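# Structure assessment
The lines below spell out each chain.
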Amino acid sequence: MTVAGPLCVGIDPHPSLLDAWGLPATAQGLERFALGVMEAAAERCAAVKPQVALFEAYGSAGFAVLERVLRESREAGLLSIADAKRGDIGSTMAAYASAWLSDDSPLAADAVTLSPYLGFESLRPALDLARETGRGTFVLALTSNPEGASVQHVGGTESVAGSVLAAIARENATAQPRSGTTSSSPGGSTAPSDGAAAAAVRGVTGTNTAAGDNRDEIVTSPSEATLGSCGAVIGATVGEALASLDIDLSTLNGPILAPGYGAQGADAAAVATVFEHVRPTVLANSSRGVLRHGPDVPALRDAIDRSIEELRTHLQLS
């Protein structure tokens with residue numbers, strides 16, 4: 001975070017954005033859009049988050065573009081979060097886990113978003129594989145869409161969202177260091193994961209590593225000053241929901257992916273207020289708020305830089 005800032009740029013190739021960029025709604029337009037975002041984000045922000053459904057809409061050609069985005073994010077030193085929101089049971093969940101988190105998958109990302117609404121333990125194949133391969137997961141808990149409250153707020157102070165977050169906290173509390181794992185430092189050197197990777201907040205939310213394998217920057221063990229590999233998705237637009245549901249994020253011990261910053265209505269001050277007690281663990285996602293400045297790459301870079309500076313200021317990060 002101290003190097004790249006607490007910003008994740010969403011790669012959301014909505015047809016309306018493709019049109020605004022003067023691109024066709026084809027796989028070729030999709031590729032030009034995604035690579036333009038990548039060019040702007042490289043060496044500027046912590047992570048990119050491709051919205052998987054908007055690639056999937058183009059069939060096999062769209063998945064080929066997504067594979068290239070994930071591959072080139074590694075080469076650019078950007079963390080990648082595949083926003084797939086996968087959730088299933090048994091062998092099907094294991095297959096999803098393998099697709100997004102195994103070393104030999106062409107779709108392997110640094111982290112993937114997961115849906116826990118078939119039961120948190122149904123996610124076990126992904127949670128375990130992420131830990132084994134040095135990747136991460138972000139589990140939907142208290143999301144930015146208004147409809148989410150009809151499920152996530154149920155139970156009041158014993159809410160569904162609270163139970164999901166409690167399960168994430170338990171998952172991170174029981175995590176163990178991976179034997180022999182190393183983590184890249186800002187200077188490009190390596191150190192054991194339960195030592196230098198204790199800079200987990202730095203890794204999850206911001207240090208760009210040298211081009212290549214940077215996945216150990218998103219998964220760490222819960223030793224001193226360290227976050228676990230299981231993160232939460234909590235919208236920056238949830239307002240007073242955390243307080244009204246009596247949810248304490250200080251025990252989460254994991255990174256927080258916060259959509260809703262920018263075009264969805266939350267500014268940096270709102271991000272700082274919602275996550276007042278866990279500000280160093282927050283990775284705020286902006287998609288349309290940045291993407292509307294394209295296709296001009298310098299304009300996209302300026303938008304990224306402004307967002308990072310705004311977030312640093314309000315989150316009181318050095």
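Reference entry: report on the structure contained in this document. Keep in mind it's a predicted model, so treat the numbers as computed, not measured. (Residues numbered from 1 in each chain as written. Predicted model: local features only at pLDDT ≥ 70, side-chain atom pairs only at ≥ 80, totals over all residues. Heavy atoms only, no water.)

A few words on the packing of aromatic side chains. Scanning the model with the defined rule gives one aromatic pair in all. A ring pair is formed by W21 and F33, whose centres lie 4.3 Å apart and whose planes are at 40 degrees; its orientation type is tilted. Of the two residues, W21 sits in the loop between α1 (15-20) and α2 (27-41) while F33 sits in helix α2, which places them 12 residues apart along the sequence. (Phe/Tyr/Trp six-rings, centres within 6.5 Å; stacked < 30°, edge-to-face > 60°. Helix = DSSP H or I, 4+ residues; strand = E, 2+ residues; numbered from the N terminus.)

Right, let's talk about the pairing of strand β2 (residues 47-50) for a bit. Neither face of β2 is open: one carries A47 and K49, the other V48 and P50, and all of them are buried. In this sheet, β2 lies alongside strand β1 (residues 7-11) in parallel orientation, the contact comprising four bridges. By the bridge assignment, V9 is partnered in β2 with V48. Where β2 and strand β3 (residues 79-86) come together, two bridges link them in parallel fashion. The residue bridging V48 from the neighbouring strand is S80, located in β3. (Buried < 20%, exposed > 50% of the residue type's maximum accessible area, 1.4 Å probe, protein only. Pairing = 2+ DSSP bridges.)

On the basis of which strands lie adjacent, the closed barrel formed by eight strands has the order β1-β2-β3-β4-β5-β8-β9-β10 and parallel pairing. Across this sheet, the average inter-strand angle for adjacent strands is 30 degrees, counted without regard to direction. Pairing geometry for strand β8 (residues 230-234) and strand β9 (residues 256-258), over two bridges, is parallel. By the bridge assignment, V233 is partnered in β9 with L257. (Axes fitted to C-alpha atoms, helices over the stretch in contact; angles between N-to-C directions.)

Attention now goes to the pairing of β3. Of all eight residues making up β3, seven are buried, and the element is well covered by its neighbours. In this structure, β3 lies alongside strand β4 (residues 111-114), joined through three bridges in parallel fashion. Each bridged residue has a counterpart across the sheet, and for I81 the counterpart in β4 is A111. A crossover connection joins β3 to the parallel β4 through helix α5 (residues 90-101); in handedness this β-α-β unit is right-handed. (Right-handed = clockwise from strand over helix to strand, strands pointing away.)

Counted according to the given criterion, the structure contains 10 salt bridges. As a salt-bridge pair, E72 and R68 come within 2.6 Å of each other at their nearest N and O atoms. With E72 and R68 both in helix α4 (residues 59-75) and four residues apart, the pair spans about one turn of that helix. Notably, a salt bridge pairs D128 with R124, separated by 3.1 Å at the nearest N-O pair. Placement of the pair is D128 and R124 together in helix α6 (residues 124-133), with a separation of four residues, close to one helical turn. R124 gets classed as partly exposed once you look at its relative accessible area, which sits at 23%. If you follow the salt bridges from partner to partner, you end up with E121, R124, D128, R131 and E171 in one network. (Salt bridge = Lys/Arg side-chain N within 4 Å of Asp/Glu carboxyl O.)

Where α2 contacts α4, the axes come no closer than 9 Å and their chain directions differ by 15 degrees. By the angle between their axes, α2 is roughly parallel relative to α4. The handedness of the crossing between α2 and α4 is right-handed. Across the interface between the two elements, A27, L30, E31, A34, L35 and M38 from α2 touch A61, G62, V65, R68, V69, E72 and S73 from α4. Split by residue class, the contact of α2 with α4 holds eight nonpolar, two polar and three charged. (Parallel < 35°, antiparallel > 145°, perpendicular 65-115°, else oblique. Left-handed = near helix turned anticlockwise from the far one by under 90°. Contact = heavy atoms within 4.5 Å. Nonpolar A, V, L, I, M, F, W, Y, C, P; charged D, E, K, R; others polar.)

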